[in-house]
Structures are given as structure tokens and as C-alpha cells.
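Fold and geometry: a report
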Amino acid sequence: MTAALFTQLLVNGLATGMVYVLIASGLILVLGVARIFNFAHGEFYMLGAYATFALCQVLQVNFFISIILSMFVVALLAAICYRLIFHHIRGNLLLCAAASMGLSMMFERGALVSFGTQERGLPSVFTGVMAIGDAALPVEKIAVILLCVAIMLGLYYLLMRTKLGKAMRAVKLDTEVAALQGINTTMVYALAMAVGCSLAGLAGGIIAPLFSITPNMGHAMLLKCFMVLIVGGLESMLGGVVGGLIIGMTLSFGYYILGGLSEILLFSIIGMILVFKPGGLFGEVVEDV
Amino acid sequence: MKEVTVFILFGILILLLPLILKSPYQMHLIIMLCINIILAMSFAMLFSTGLITIGAAAFWAVGAYASTLFVMNLNISFWLALPLASVTTGVIALVLGSIIVRTPGVAFVVQTMVINMIVVQALGQIDFLGGWGGILGIPRPNPIGPIKFVSKTNSYYLILFLLLLTIVLFYALYSSRIGRAWRSIRLNPRLAQTLGISLFRYRLLAFIVASVSAGWAGSFYAHYFGTIEPGTFSVFKSIYIQIYSILGGLNFYIMGPIVGAFIMTLMPEFLRVGKEIEPILTGGILILLVIFLPGGILSIPERISFFPKMLQDASSSSRG
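Keep in mind it's a predicted model, so treat the numbers as computed, not measured. (Residues numbered from 1 in each chain as written. Chains lettered and ligands numbered in written order. Predicted model: local features only at pLDDT ≥ 70, side-chain atom pairs only at ≥ 80, totals over all residues. Heavy atoms only, no water.)

Examining the overall build of chain B
The criterion, for reference: Numbered from the N terminus, helices here are DSSP runs of H or I no shorter than four residues, and strands are runs of E no shorter than two. For the radius of gyration, the atom set is restricted to C-alpha positions; the globular benchmark scales as 2.2 Å times the number of residues to the power 0.38. Summary of the burial criterion: residues with accessible area below 20% of their type's maximum are buried, those above 50% are exposed, and those between are partly exposed, where the area comes from a 1.4 Å probe applied to protein chains only. The contact definition used throughout considers only heavy atoms, calling two residues in contact when any of these lie within 4.5 Å. Surface accessibility follows the Shrake-Rupley procedure with a 1.4 Å probe radius. Residue values consider only the protein chains on display as shielding. For this count, His and the chain ends are skipped, Lys and Arg are scored as positive, and Asp and Glu as negative. The atoms used to mark charge sites are NZ of Lys, CZ of Arg, CG of Asp and CD of Glu.
Scanning chain B from N- to C-terminus turns up 14 helices and zero strands. Scanning chain B from its N terminus toward the C terminus, one meets helices and strands in the order α-α-α-α-α-α-α-α-α-α-α-α-α-α. For chain B, the C-alpha radius of gyration of 21 Å lies close to 20 Å, the compact-globule estimate for 320 residues. With the C-alpha coordinates of chain B rotated into their principal frame, the extents come out at 80 × 50 × 45 Å. Burial status across chain B gives 53% buried among its 320 residues. Within chain B, residue pairs in contact and separated by at least 24 positions form 77% of the contacts whose partners lie at least 6 positions apart. Carbon and sulfur atoms provide 72% of the accessible area of chain B, an area that totals close to 14,900 Å². Positive and negative charge centroids in chain B, built from 19 and 8 side chains respectively, lie 12 Å apart.

Have a look at this one:
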């Protein structure tokens, strides 16, 4: 393997991996703070992609503005879903999971009925190729990596440096004590849901120029995110980041080395992690149902 | 006495159902209903130990494919393939289960779901297993003497026998020491462990029994339906199986799946909506159910009997 090829595969892996990181960290945020295991997360990603497509292609808005607008659209939708559905069953993990499955079915089929089955795509925003040494790297992929890193840094700032982030961490630690300190837990739950799902929406917007947009794109993405959670664990954001990068790299390098068998390589890596670290690399086995 | 009469009448009705229902399509629905009940009961069995699975359809698929491959490649009789397929499912469940039952809660949900997706992918990708097109022309169960399993009526009696077998087996397990251990694990895992109940062993046992019953349902399905394809066994099916149990009532391990599967299997036929928007309705029903009736349909009588008591409490407290 030459250095140029290695760089190329590395950038590919980083680009896909960072998208997984974005979506998975949204999933972990919603699970950690609002105690909802969100099976509809992939659908928010799909809706983010469709919203970006609609704003960019139909309304001719600038790409970056439309990503941000669609993020707010998805966040608003997630907050409404929280208030209408999950608020009534908060704290019950099983019922929340079941309700989110219902939500996922409704969104997916709703998108299929209203947008049709044909694939859609946006024209590339960044064209051109960047040469580093011998490697020719598409600017698009590098832009995706940089955007995702910037968003993750923003998320870090939100969680660690702002008052809202502090409230979220407090609620994650202990809901009742947080409520005793005067934190509006309902508000924090809804905001956590909105922020988590808007991360998925953002990811959908970012990949819109790269991949085709279909109503069932959320399912495949959700499968990948579950793998990220299995590898990294369900508790920490760090687990999400490491897991996302491992999955992205495995797919990128594995596809070059093994071809179609790379998925099986991925599954065997996941199996090994499950055998030796049942809770994931950064998680613990929790005994509560 | 009254209950016994009702029970006997109900039993006669079930036995004579083929005489009442004339059209083959209605019989097909009833047969699929029986399969769905077995699958939903396997979900309920894992739930009785506090585990939530989204992978019931994966073991259904394993049973169906194993039985098909045994019959078509080894040329053995269906009556041998059915137990063999169940054993195969059990062995696979033993291997997978010993890895995944150690992590209860959300992690288990995710792991079973990923297993289901992997099974569907593997069935689709590997040519030996038929690929995405599936396997066509699976032979019907071999005739026993004069009884041939070509007509829907005889297939109905076969699945009814399997269903009764599953119900009796599950009932025996639930009412034995094992069932009490399962329930104690669900109520409080830590306390159960201090009483000397091995969480790992009892959960693994539940996982294996549930998977084996899904396996024989799959074996019957393959030979009854004649064709199997990976799409049938997707995660969607597993979610539907979960809905059957939740709809009927999660605290009713045998009656809940029966009631839930009955409603969910026959309702689309009565509503006569297009296949297109059926998931939207199902999803909506699931959400409404979870919010307004989390105990399931079988909890309605309990709730109604609570009403007068609640009113009484309210009036007495306002007086006091």
C-alpha cells in the first residue's frame, strides 16, 4: 500500500466516520439526558437531508444557510414530538423505545408517500481535488470532515461551557436532585431531544451533496449508528467519537483490502468487542431494565 | 363452571374453524395468525426475564432456512427437518445468547436488532442461501398415511398443534420454578441474584427456549408458504412482533400475545387500507397505545374496576 493510497483511504474513512460520530453522539445525548432510546433518529437524519434538498434546490437558498435552517426545522420537529409523545411516558425506557419505533415507521412511510421513491441529490458544493504529496483528495470529503469537527467542537462547548450544558449534565447524573436545584427538567429533556435530533438533521444536510437522498436512507444509517454504540458504549460521547471513527476506518480500509467481505470483518470486530467488553469500549454493563 | 363451558365452546369453535371459513384466503390469515402468536409469545418469554428483543424474526428466519436446506439438500422428511431445524436454531441461540444476555437493558435491544439485520444481510448476500430472491418451490410437508398437507385445512391443524404445543410448554415453564425465577429476575435482578438465581443461566435458558419456538414456527412457515425470502424476516417484522405483545399486554405472557396478534393480523383486513399507508397507521396506533394504554388491551378490565375506587378515594379525600 503506497502512502498516497493510504492517505486517500484515511480521508475517506474519516469523512464517513465523522458523519457517524455526529449522528451517534446525538443518539447518545438523547439516551443519556432524556432517557429515550430513539429509533426514529435515522428518520430525523433523512428529514434533515430532505429539508436541505428542498431549501437548496426548490427555494434556491445558499447551501450553508439551508443546512442551518434545516437543522432548526428538525430541532423544532423533535421538540414537538417530545412534547406530544415522549413527555407522557418519560422515564420508561421500553415504552419510549416502542413509541419511537412507531414514530420511525410513520416518518419513513410518510416520506415515501409524499416524496416518492426516486433518488434525489444536490449538486456538489465544493468541486476540485486537493493534492497532498501524491494523494489526490476530493475537497468535498475534507470539507465534510472539517464541518463535522467544527460541529463536534460546538457541541463540546455547548455541553461543557454553557449553563444549558451544565443543566443537561446535571439531569443526566440525577434527575430528581437536578429538579430540586431549580432546573426545569421538562425543558432540558425537550432541548436535549431537539439538540440530539438536530445533530442527525445536520449530518443529513452535510451529506446531501455527496450521496443520494431516499426515504429509507435513515434505516441503513441507524444500523451503522447502532454498531457505533455497540463498539463505543452507550454512556459517553467519547465512546461515540472513538466508535464512529473505528467503524468508518474499518469500512474504508476493509473495503479496499477485502472487497465485499468488509462487512463481515466489521461484524467480527463487533463480535470480539462484545465478547471481551460487553458494554462497549467506554461503557459499563448496567444492571437495570 | 361457567368458565369451563365457555372454554369448551371456544375450543370447539377453533377446531371447527375450517368448516366456518370457506375462502382459502381467510384460512391463510388464520394460519399466519397462529405463526404470529408463536413469535409474539417468544418475545413475551424474553420479556418475562426483563429482556427486550428486536431480533425474534432472526430466529424465525434461521428456523425457516435451516429446515428448507435440510429438506432440499439432504432430502430428508419434513417431520425430521422440523426438530432438526429447531435444534439448529437452539444451538445458534446458545452461541449468540451466551454473548449477548450478559448485557441487559438498551444494549440488549441494540444487539438483538443488529443480529437481525446481520441475519437478513447474510441471507441476501450468500448465494448458497438463495440470495435476495429467496428460495422457491419448497416441498410441502410429507403426507402421513392418507393425510396430505396440500390443503389449507390440514396445514391449519398442523400449526394449531404446534401452537398448542408451544402454549403448553410455555405455560408449564411459567408455572414451574423456572418461571418464578424469570419473574423474580424481571422484578429485581439484584435481589434475585442474592437469592442464588443465576441471571446469566436463566436468561440464557429463556433466550434459547424463545428462539427454538420461533425456529419451529419458521420451519412450518417455510414448508407451508413454499417460498422464503430475506425481506420477510426484516427488523420490521421484529418490531411488529413486539407490537403484538405490547398491544395485548406485557404482563400477560400467554394471553397478551394471542389477543395482540389477533387484532394486529386481522385489523388491516377489516380496515381495507392500502399496503402503502399501513405502516403509518400501525405506527400511529403503537404511539397512541403506548401513551394511553401502556398496560395493553388485557389491562382494560383492571382499569375499569379501578374507576369506582378512584372516585371513592377522591370523594372521601375531599370530605376529609
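Resuming the write-up.
Some remarks on the layout of surface pockets
Selection criterion: Definitions used for this entry: grid spacing 1 Å over protein atoms alone; cavity, a set of points where a 1.4 Å probe fits but cannot get out; pocket, an open set with protein on both sides within 12 Å along at least 5 of 7 lines; lining residue, one with an atom within 4 Å of a point. Grid points are joined across faces, edges and corners, and a volume is the space filled by probe spheres set on the points. Put simply, Ala, Val, Leu, Ile, Met, Phe, Trp, Tyr, Cys and Pro go in the nonpolar bin, Asp, Glu, Lys and Arg in the charged bin, and everything else, Gly too, in the polar bin.
What the largest pocket holds in volume is close to 1,500 Å³. Along the wall of the largest pocket there are 44 residues; nearest its centre are B:Gly231, B:Thr232, B:Ser234, B:Phe236 and B:Lys237. Elements represented by at least two residues in the lining of the largest pocket include exactly α4 (93–115) and α9 (217–232) of chain A together with α3 (24–47), α6 (106–125), α10 (199–225), α11 (235–248), α12 (255–271) and α13 (278–292) of chain B. Per-element accounting of the lining of the largest pocket gives the leading share, six residues, to α11(B). Partitioning the lining of the largest pocket into residue classes produces 23 nonpolar, eleven polar and ten charged. The volume enclosed by the second largest pocket comes to roughly 1,000 Å³. Looking at the lining of the second largest pocket, the elements with two or more residues in it are α1 (2–15), α3, α7 (152–174) and α12 of chain B. Of the residues belonging to the lining of the second largest pocket, the class tally is 26 nonpolar, two polar and two charged.

Some details on the interface of chain A and chain B
Selection criterion: Here's the idea: put two parts together, see how much 1.4 Å probe accessible area each one loses, and the total over both is what we call buried area. Any carboxyl oxygen of Asp or Glu that lies within 4 Å of a side-chain nitrogen of Lys or Arg is treated as forming a salt bridge with it. Whenever a nitrogen or oxygen atom comes within 3.5 Å of another N or O atom, the pair is scored as a polar contact, on the condition that within protein one atom can donate a hydrogen and the other can accept it, and that pairs from neighbouring residues in sequence are kept only if both atoms are in side chains.
Of the residues lining the interface, 36 residues belong to chain A; the matching set on chain B comes to 42 residues. Of the roughly 3,500 Å² buried between chain A and chain B, counting both surfaces, carbon and sulfur atoms make up 82%. Connecting chain A to chain B are zero salt bridges. Put simply, chain A and chain B have zero residue pairs in polar contact (both at pLDDT 80 or more) between them. Broken down by secondary-structure element, the contributors of at least two residues to the side of chain A that touches chain B are α4, α9 and α11 (262–276) of chain A. For the side of chain A that touches chain B, the element with the most residues is α4(A), which contributes 14 residues. Across the side of chain A that touches chain B, the residue classes tally to 27 nonpolar, five polar and four charged.

A closer look at empty space enclosed by the protein
All names here are of chain A. Scanning all chains against the criterion turns up four cavities of 30 Å³ or more. In this model, the largest cavity occupies a volume close to 90 Å³. The wall of the largest cavity is formed by Phe63, Ile67, Val125, Phe126, Glu140, Ala143, Val144, Leu147, Ile206, Pro209 and Leu210. Elements supplying a minimum of two residues to the lining of the largest cavity: α3 (63–84) and α5 (139–161).

Here we look at the packing of aromatic side chains
The relative placement of two aromatic rings is captured by the distance of their centres and the angle of their planes. All names here are of chain B. Basically, it comes down to this: Between rings of Phe, Tyr and Trp, where Trp is taken as its six-membered ring, a pair exists when centres lie within 6.5 Å; planes separated by under 30 degrees are stacked, by over 60 edge-to-face, and by other angles tilted.
This structure, assessed with the given rule, holds 21 aromatic pairs over all chains. When the ring of Tyr65 is compared with that of Phe233, the centres are 6.1 Å apart and the planes differ by 65 degrees; the resulting orientation is edge-to-face. Here Tyr65 is found in helix α4 (residues 56–74), whereas its partner Phe233 is found in the loop between α10 and α11, with 168 residues between them in sequence. For the pair shown, Tyr65 and Phe233 are each scored as buried. A centroid spacing of 5.3 Å and a plane angle of 15 degrees characterise the contact between Tyr221 and Phe225, whose relative ring orientation is stacked. Residue Tyr221 and its partner Phe225 are both found in helix α10; the two are separated by four residues, about one turn of the helix. What makes Phe225 partly exposed here is its relative accessible area of 40%. Pairwise contacts between aromatic rings join Trp60, Tyr65, Tyr221, Phe225 and Phe233 into one cluster.

What to know about a positive patch on the surface
Short version of the rule: Patch building starts from residues that exceed 30% relative accessible area and form no salt bridge, then joins like charges within 9 Å and nonpolar side chains (Val, Leu, Ile, Met, Phe, Trp, Tyr) within 5 Å.
Together, A:Arg161, A:Lys163, A:Lys166 and A:Arg169 make up a region of like positive charge exposed at the surface. Relative to the elements of secondary structure, A:Lys163 occurs in helix α6 (residues 163–173).

Notes on the pairing of strand β2 (residues 135–138) of chain A
Residues and elements named next belong to chain A. Just so we agree on the cut-off: Pairing between two strands requires that DSSP report at least two bridges joining them.
Of the two faces of β2, only the one carrying Ala135 and Leu137 is buried; Ala136 and Pro138 on the other face are not. One ladder, built from four bridges, connects strand β1 (residues 129–132) with β2; its direction is antiparallel. Bridge pairing in β2 places Val129 opposite Pro138. Counted along the chain from β1 to the antiparallel partner β2, the turn is two residues long, and its residue Gly133 has a positive phi close to 65 degrees.

Section: the environment of A:Ser124
Residue and element names in this part refer to chain A. In this structure, Ser124 sits in the loop between α4 and β1. Judged by relative accessible area, which is 39%, Ser124 ranks as partly exposed. Sequence-wise, Ser124 and Ala208 are 84 residues apart; in three dimensions their C-alpha atoms are separated by 8.9 Å. Ignoring sequence-local partners within four residues, the contact set of Ser124 consists of Glu140 and Pro209.

Digging into the confidence of the model for chain B
Residue and element names in this part refer to chain B. Operational definition: A score from 0 to 100, pLDDT tells how confident the predictor is in each residue.
For chain B, the average pLDDT comes to 86, and 95% of its residues sit at 70 or higher. Mean pLDDT values over the elements of chain B span from 67, in helix α14 (residues 300–319), up to 93, in α10. As scored by the predictor, the complex reaches a pTM of 0.83 and an ipTM of 0.81.

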